[in-house]
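Fold and geometry: a report
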Amino acid sequence: MIYVHLAEGFEEVEALTIVDILRRAGEDVKTVSITGEKQVTGTHGVPVIADILYEDADYDKCEMIVLPGGLPGAANLEEHEGLAAHIRCFAEDPAKKLAAICAAPMAFGTHGVICGKRATIYPGMEERLTGAGAETTGEAVTIDGNIITGKGPAYAMEFALALVKELRGKKLADKVADGLLYTGRV
């Protein structure tokens, strides 16, 4: 089970691309609203109906937490106390994975799980990681151990395919990419 978290002001292209690509790969993906309501509105006014509410999520069955960016969505995710506890727990378990794109990797810095790691984040926000002891790469996608970070909306497809590759291997990621006519890096 993979949980893609939604907060008011999430970046639509990131969240929906990630869900779409992971589902094309056959993954059991659920969108999780942290707002207490199933309808969550993105930063560009697109309303999305989440699959489940945070209160109904079973993190024992979850193998990956995904945080899309966007503002104020990433800040809203960062401030959610329950999600913060799960982020810290997942960081300590090498069998679990944490993924965040755009502004959302700042939550990893805030919650102390990025120290000593390599990561990427939306340009201009690097201090949110370096101030927490991380090395920023500026790469489209950076993977360090069980933490996967992406740079921003233009890299949503590459990021989502990297998640497939990390979860199920390059062969499946290539198959999904081929079906999409994606010619970028996998």
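A short tour of the structure in this document, coming up. (Residues numbered from 1 in each chain as written. Predicted model: local features only at pLDDT ≥ 70, side-chain atom pairs only at ≥ 80, totals over all residues. Heavy atoms only, no water.)

Focus: unusual backbone geometry
In the segment running from Leu 71 into Pro 72, the intervening peptide bond is cis, with an omega of 10°. The backbone of Cys 102 sits at a positive phi, close to 70°, despite the residue not being glycine. Here Cys 102 falls in the buried class, since its relative accessible area comes to 7%. Positive phi outside glycine occurs at Leu 181, with the angle close to 65°. Position of Leu 181 relative to the elements: it lies in the segment after helix H7 (170–179). (Buried < 20%, exposed > 50% of the residue type's maximum accessible area, 1.4 Å probe, protein only. Helix = DSSP H or I, 4+ residues; strand = E, 2+ residues; numbered from the N terminus.)

A look at the packing of aromatic side chains
For the coordinates displayed, the defined rule picks out 2 aromatic pairs. Plain terms: the ring middles of Tyr 3 and Tyr 59 are 5.2 Å apart, the flat faces sit at 75° to each other, and that makes the pair edge-to-face. Of the two residues, Tyr 3 sits in strand S1 (residues 2–6) while Tyr 59 sits in the loop between strand S5 (52–53) and strand S6 (64–67), which places them 56 residues apart along the sequence. A relative accessible area of 6% means that Tyr 59 is categorised as buried. Summarising the aromatic geometry, the rings of Tyr 54 and Tyr 59 are spaced 5.8 Å apart at their centres and angled 50° between planes, so their arrangement reads as tilted. The pair Tyr 54 / Tyr 59 is uniform in exposure class, with both members buried. Three or more aromatic residues link up through ring pairs in this structure, and these residues are Tyr 3, Tyr 54 and Tyr 59. (Phe/Tyr/Trp six-rings, centres within 6.5 Å; stacked < 30°, edge-to-face > 60°.)

Any link to function would need more than the numbers given here.
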